[in-house]
Amino acid sequence: MYKLWQILDPRGILLLIAVFQIAVGLLIHILLLSTQDLNWWEDGRPAPLKAAAAYERSEAGLPY
């Protein structure tokens, strides 16, 4: 394994991994924001509290 690190620069590899993870995270967020169901910015309502959400589901006849 040490011969691999003699060929490849560890700082460059770690930087590449960090950039890749940031890019994947941004891509996932952009994909979620582009959907109608999972867009948390454009739905016009705040995130419900747990009790309020359970009450609304029970009123609608849905299981908790």
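Calculation rules
Residues numbered from 1 in each chain as written. Predicted model: local features only at pLDDT ≥ 70, side-chain atom pairs only at ≥ 80, totals over all residues. Heavy atoms only, no water. Helix = DSSP H or I, 4+ residues; strand = E, 2+ residues; numbered from the N terminus. Rg over C-alpha atoms; globule rule 2.2 N^0.38 Å. Buried < 20%, exposed > 50% of the residue type's maximum accessible area, 1.4 Å probe, protein only. Patch = residues over 30% accessible without salt bridge, like charges linked within 9 Å, V, L, I, M, F, W, Y side chains within 5 Å. Areas by Shrake-Rupley, 256 points an atom, 1.4 Å probe, with all protein chains shown as cover. Salt bridge = Lys/Arg side-chain N within 4 Å of Asp/Glu carboxyl O. Polar contact = N/O pair within 3.5 Å; in protein donor to acceptor, adjacent residues only side chain to side chain. Contact = heavy atoms within 4.5 Å.

Some words on the overall build of the chain
Within the chain one finds three helices and zero strands. What you see in the chain, going N to C, is helices and strands ordered as α-α-α. The C-alpha radius of gyration computed for the chain amounts to 22 Å, which surpasses the reference 11 Å derived for 64 residues by more than 25%, pointing to a less compact arrangement than a globule. Taken over 64 residues, the chain has a buried fraction of 3%.

Concerning a nonpolar patch on the surface
Residues Phe 20, Val 24, Ile 28, Leu 32, Leu 38, Trp 40 and Trp 41 make up a contiguous nonpolar surface patch of roughly 730 Å² in combined accessible area. By the secondary structure assignment, Trp 41 is in the loop between helix 2 (10–34) and helix 3 (50–59). A residue is classified by how much of its surface remains accessible, and Trp 41, at 63% relative accessible area, is exposed.

Side note on the side chain of Asn 39
As for its placement among the helices and strands, Asn 39 is situated in the loop between helix 2 and helix 3. Since its relative accessible area comes to 12%, Asn 39 is described here as buried. Only 3.1 Å separates the side chain of Asn 39 from the backbone oxygen of Leu 33, close enough to count as a polar contact. In contact with Asn 39, other than residues within four places in its own chain, are Leu 32 and Leu 33.

Some remarks on helix 3
When you tally the buried positions in helix 3, you get zero out of 10 residues, a small fraction of the element. Phi turns positive one or two residues past the end of helix 3, at Gly 61, with a value near 80°.

Limitation: the analysis is restricted to geometry and does not speak to function.
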